[in-house]
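# Coordinate analysis (summary)
Spelled out, the chains give:
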Amino acid sequence: MRSSWFNKLSVIFGHRPPLSWLLLCLISLLALITVLGSSSSNAFDSVTPTPVPNVYLNYRRLKEQAAVDYFELKSLSLGASRQRELGLCGKERESYVPCYNVSANLLAGYKDGEEFDRHCEVSREQERCLVRPPKDYKIPLRWPTGRDVIWSGNVKITKDQFLSSGSMTKRLMLLEENQITFHSEDGLTFDGVNDYSRQIAEMIGLGSDSEFLQAGVRTVLDIGCGFGGFGAHLLSLKLMAVCIAAYEATGSQVQFALERGLPAMIGNFILRQLPYPSLSFDMVHCAQCGIVWDQKDGMFLIEVDRVLKPGGYFVLTSPTGKLQGSSVIMKNGNMLTPLEELTQEICWSLLAQQDETFIWQKTMDTDCYASRKRAVPLCEEGRDAQSYYQPLVSCIRVLPEDFFEDLQVWRSALKNYWSLLTPLIFSDHPKRPGDEDPLPPFNMIRNVMDMNAHYGGLNAAFSEEKKSAWVMNVVPIRAPNTLPLILDQGFAGVLHDWCEPFPTYPRTYDMLHANGLLSHLTSERCSLMDLFLEMDRILRPEGWIVLSDKVGAIEMGRTLATQIRWEARVIDLQNGSDQRLLVCQKPFVKK
């Protein structure tokens, strides 16, 4: 039976005390701890100085525990219904990519190709559910085997679609039972990828493609990358090749590239700028990418100029003899207008032409822009402050004075705690039925995303340890724009607003990492639950999530992780700070 005083409290507050009353109790408890901690510290000071750190640590831990208790009380006050696990989405959303709902875009009035562009404001989804894998989905093969062989059930392409595709597709890959095998030496050009890459190197004055790095070519933007043959070859040469291609409901180039463990994301030349800052890439490559470069007054080519570094190369290959529907045609080995005139207006020089391949180089001489007679105008100062899906513009950027300053500042900002983290994650990786003992841990991890990349410290840690993983470094648009520093190190990176879905297909990353992202987003307009659902969508089954943040944010994250069925554990770094790690694994849910 209840005591009389508790019955009186029940009459006043009801069976569940209000949140304000619980907060008042918590504040009183903190005040009491502060007074006791202060008096204890003074007492120890009068006797001996050695116990003071212990008192401080105990006090700090009491405060942290009080913060944890607060979040638990807050969760309870919201009611048990909020803590239920989320259900699975229907089969129709197995390959769901938010912001690319073509039907909804058409109903909203977008046409002439604009319906295939990114429109997050049109396709807002209200239902919260977990995107399930297809019935025939299998865990991808370990790298590097997974680069050349993938499970056909993991990508959205049927045997009929494959058989009806063009001869180029059939040369690039072979469909056998439940696997797709890629032949990287076939297709792309008549002589194969190796010969094609060597041809490009020779056209820019190099002895072979092994000299790309020595010539300053480290980062390549591959537009319309097919199934990633050229990018896979460049990666073998230690170049960072990032594929971008338009959204495709089936047979997606981006989905195939990521399934093979190659850097890729959805992106196109329609209405908006690409989510990269100016002067990001050493080379931009287009082989049969389907873009008519002289359309819209040349704004597509101007966008290439924006992301291309001074001295960088634009490689265009069109084996038809006619450049992708452009009015530029071949005649006696010479190019005709308007593409020739446009490249001259933006101060590009045609380095070489061989067969169906053309290579231009962007000028490093800023005097060229002043000497042009009829030219594309220069952009106003500050125009490129934030190039996150801004409308395409018809002006060009000039090299800033401090572009070649020392960019090694990032090293001082690296936080290398992976010596602590790595054994904890990978030493007890689950053994799947029928598997032998797992191979070395990092072979399980290929596609990694750092959701709040700062200076690319995670990527640098992987590189220094020579691990066979690549990292998509994401810089939130409301954080300091460190992306130019990341790209200058030869890493892959992109700007993104985490209040919106990321432009990729479901189940495309093995590991997601974020340092301080939860705290950063607490003041934003977006929901943390929507963020966690998006993380679940893009993470592969049995994939890992590693979040580093303050104790309060981590406890909130653990609550959300439970709702979306992740296995979660919190790790104290034991370094005297209030930072914690939340390490989660996504289960392989089949239903």
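Further up the page is the structure itself.
Just so it is clear, the structure is predicted and the values come from calculations on it, not from any experiment.

The full count for this structure, using the stated rule, is five disulfides. The disulfide partner of cysteine 99 is cysteine 120, and the gap between their sulfur atoms is 2.0 Å. Handedness here is read from the sign of the S-S torsion; for cysteine 99 and cysteine 120, about 105 degrees, the answer is right-handed. With cysteine 99 in the loop between helix H3 (52-77) and helix H4 (102-107) and cysteine 120 in the loop between H4 and helix H5 (145-148), this pair connects stretches of sequence that are 21 residues apart. Cysteine 120 shares its class with cysteine 99; the two are buried.

The sheet built from seven strands is open, its strands ordered S15-S14-S13-S16-S17-S19-S18 with mixed pairing. Of all the strands in the sheet, just strand S15 (492-496) and strand S18 (567-572) have a single pairing partner and so form its edges. Sheet twist, expressed as the mean angle between neighbouring strand axes with direction ignored, is 20 degrees. The strands touched by helix H19 (residues 551-563) are strand S17 (539-550), S18 and strand S19 (579-585); relative to S17, the strand with the most contacts, the crossing angle is about 155 degrees.

Within strand S14 (residues 470-476), seven of the seven residues are buried, which leaves the element mostly enclosed by the surrounding structure. Pairing of strand S13 (residues 447-450) with S14 involves four bridges; the strand directions are parallel. Pairing of asparagine 447 across the sheet is with tryptophan 470, part of S14. Note on the crossover from S13 through helix H15 (residues 457-464) to S14: the handedness is right-handed.

Here the focus is the pattern of salt bridges. Evaluation of the coordinates by the stated rule reveals 19 salt bridges. The shortest N-O distance in the salt bridge between arginine 118 and glutamate 500 comes to 3.2 Å. Taken together, the positions of arginine 118 in the loop between H4 and H5 and glutamate 500 in the loop between S15 and strand S16 (509-515) put the pair 382 residues apart, joining distant regions of the chain. With a relative accessible area of 16%, glutamate 500 lands in the buried category. Close ionic contact of glutamate 555 with arginine 558 constitutes a salt bridge, the shortest N to O distance being 2.6 Å. Placement of both glutamate 555 and arginine 558 in helix H19 is noted, with a separation of three residues, approximately one turn of the helix. Salt bridges sharing common partners tie together Arg147, Asp148 and Arg260.

A separate point is the sheet that holds strand S7 (residues 281-287). Taken in spatial order, the seven strands make up an open sheet running S6-S5-S4-S7-S8-S12-S11, and their pairing is mixed. The outermost strands of the open sheet, each flanked by one partner alone, are strand S6 (264-266) and strand S11 (348-354). Between one strand axis and the next, the sheet turns by 20 degrees as a mean value, whatever way the strands run. In terms of strand pairing, strand S4 (residues 219-223) meets strand S5 (residues 240-245) through five bridges, oriented parallel. Each bridged residue has a counterpart across the sheet, and for aspartate 222 the counterpart in S5 is cysteine 243. Strands S4, S5 and S7 of the sheet are contacted by helix H9 (residues 229-236), whose axis makes an angle of about 165 degrees with S5. Contacts from helix H11 (residues 299-307) reach S4, S7, strand S8 (308-317), S11 and strand S12 (357-362) within the one sheet, and its direction differs from that of S8 by about 135 degrees.

Counted residue by residue, helix H18 (residues 528-538) has 10 buried out of 11 residues, so it is predominantly covered. Buried residues of H18: Leu528, Met529, Leu531, Phe532, Leu533, Glu534, Met535, Asp536, Arg537 and Ile538, and no others. Against the buried residues of H18 lie S13, S16, helix H17 (517-521), S17 and H19. One side-chain oxygen at the N-terminal end of H18 lies 3.2 Å from the backbone nitrogen of methionine 529; it belongs to serine 527.

With that out of the way, let us pick up the pairing of S7. The buried fraction of S7 is high, at seven of seven residues. Strand direction decides the pairing type here: S4 and S7, joined by four bridges, are parallel. Residue pairing across strands places leucine 221 opposite valine 284, the latter belonging to S7. Strand direction decides the pairing type here: S7 and S8, joined by six bridges, are parallel. Following the sheet pairing, valine 284 is matched in S8 by phenylalanine 314. In this view, the connection linking S7 to its parallel neighbour S8 by way of H11 has right-handed handedness.

At a minimum axis separation of 10 Å, helix H8 (residues 193-203) and H9 run at an interaxial angle of 70 degrees. Taken together, the axis directions place H8 and H9 in an arrangement best described as roughly perpendicular. Judged by the sense of rotation from one axis to the other, the crossing of H8 with H9 is right-handed. Mapping the contact onto sequence places Val193, Asn194, Tyr196, Ser197 and Ile200 in H8 and Gly229, Phe230, His233 and Leu234 in H9. Taken together, the residues of the contact of H8 with H9 break down into five nonpolar, four polar and no charged.

Definitions and cut-offs
Residues numbered from 1 in each chain as written. Predicted model: local features only at pLDDT ≥ 70, side-chain atom pairs only at ≥ 80, totals over all residues. Heavy atoms only, no water. Disulfide = S-S within 2.5 Å. Helix = DSSP H or I, 4+ residues; strand = E, 2+ residues; numbered from the N terminus. Buried < 20%, exposed > 50% of the residue type's maximum accessible area, 1.4 Å probe, protein only. Pairing = 2+ DSSP bridges. Axes fitted to C-alpha atoms, helices over the stretch in contact; angles between N-to-C directions. Contact = heavy atoms within 4.5 Å. Right-handed = clockwise from strand over helix to strand, strands pointing away. Salt bridge = Lys/Arg side-chain N within 4 Å of Asp/Glu carboxyl O. Polar contact = N/O pair within 3.5 Å; in protein donor to acceptor, adjacent residues only side chain to side chain. Parallel < 35°, antiparallel > 145°, perpendicular 65-115°, else oblique. Left-handed = near helix turned anticlockwise from the far one by under 90°. Nonpolar A, V, L, I, M, F, W, Y, C, P; charged D, E, K, R; others polar.

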